[in-house]
Amino acid sequence: MNSISKWFIRGAEGAAATMLAAMFFTFLLQIFSRYVLVTPFGWTLEFCLILWVWIVFFGNAFLVREKDHVTFDIFYLAAPRGVQKVLALISAAAIVAGMVWSFLPTWDYIDWMKIRKTATVENPFTDKKIPLRTVFSIYAVFMIAVIVRYAWRFIDIQRHGPPGGEHEIPGHEHEAPSIQQGDEAV
């Protein structure tokens, strides 16, 4: 299972790196066409925007780890381990519930976007403009990945307790140290 996970992560990193490289070279082409050829290519700006949307949601779905997210967890880290478990379960369940609840309306809107097309970017194989459903379908993939990730996190918290060490404050003790006789307060 571990080798499959590593293979998947490497593949996801490769896909994200490829999208980022494509965006970078498209951006350079845009600069070249605008300032050297003095005839800007209209499709380059839209293609960069499409790639940016895909990089953000693909990366957050498959590459960004829990510890990489910005969190406001001062109270969580200061709480006893039992309270941390309850808070972690509530937050994981809330994220899953919110994503599940909003998935069908979101997909309905994404599917509706099939009637709208890109303004300048064309499919190189069919020479037709790309439906915006294709562009924004990555958000549905992102939602499914978040649902699966936090459902698994909920199960993991139930089995093994709240996660520890991800955002721990160095030198922070969960329980106040006891003062022994002979110790002086500073």
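Up top you'll find the structure we're talking about.
Quick summary incoming for the structure in this document. Since we're looking at a predicted model, the values are computed, not measured.

## Let's talk about the packing of aromatic side chains
Thinking step 1. Here the structure, examined in full by the defined rule, presents eight aromatic pairs.
Thinking step 2. By way of ring pairs, the aromatic residues Phe8, Phe58 and Phe62 are connected into one cluster.

## Comments concerning unusual backbone geometry
Thinking step 1. Located in the positive-phi region is valine 38, a residue other than glycine, with phi close to 55 degrees.
Thinking step 2. In this structure valine 38 comes out as exposed when scored by relative accessible area, which is 62%.
Thinking step 3. Of note in the backbone geometry, aspartate 127 takes a positive phi value of approximately 55 degrees without being a glycine.
Thinking step 4. Tracing the chain through its elements places aspartate 127 in the loop between strand S1 (117-122) and strand S2 (129-131).

## A word on the packing of helix H4 (residues 81-112) against helix H5 (residues 132-160)
Thinking step 1. Packing of H4 against H5 leaves a shortest axis separation of 9 Å and a crossing angle of 155 degrees. On the basis of the axis angle, H4 is roughly antiparallel to H5. Judged by the sense of rotation from one axis to the other, the crossing of H4 with H5 is left-handed.
Thinking step 2. When its residues are assigned to classes, the contact of H4 with H5 shows 23 nonpolar, five polar and four charged.

Cut-offs used in this document
- Residues numbered from 1 in each chain as written.
- Predicted model: local features only at pLDDT ≥ 70, side-chain atom pairs only at ≥ 80, totals over all residues.
- Heavy atoms only, no water.
- Phe/Tyr/Trp six-rings, centres within 6.5 Å; stacked < 30°, edge-to-face > 60°.
- Buried < 20%, exposed > 50% of the residue type's maximum accessible area, 1.4 Å probe, protein only.
- Helix = DSSP H or I, 4+ residues; strand = E, 2+ residues; numbered from the N terminus.
- Axes fitted to C-alpha atoms, helices over the stretch in contact; angles between N-to-C directions.
- Parallel < 35°, antiparallel > 145°, perpendicular 65-115°, else oblique.
- Left-handed = near helix turned anticlockwise from the far one by under 90°.
- Nonpolar A, V, L, I, M, F, W, Y, C, P; charged D, E, K, R; others polar.

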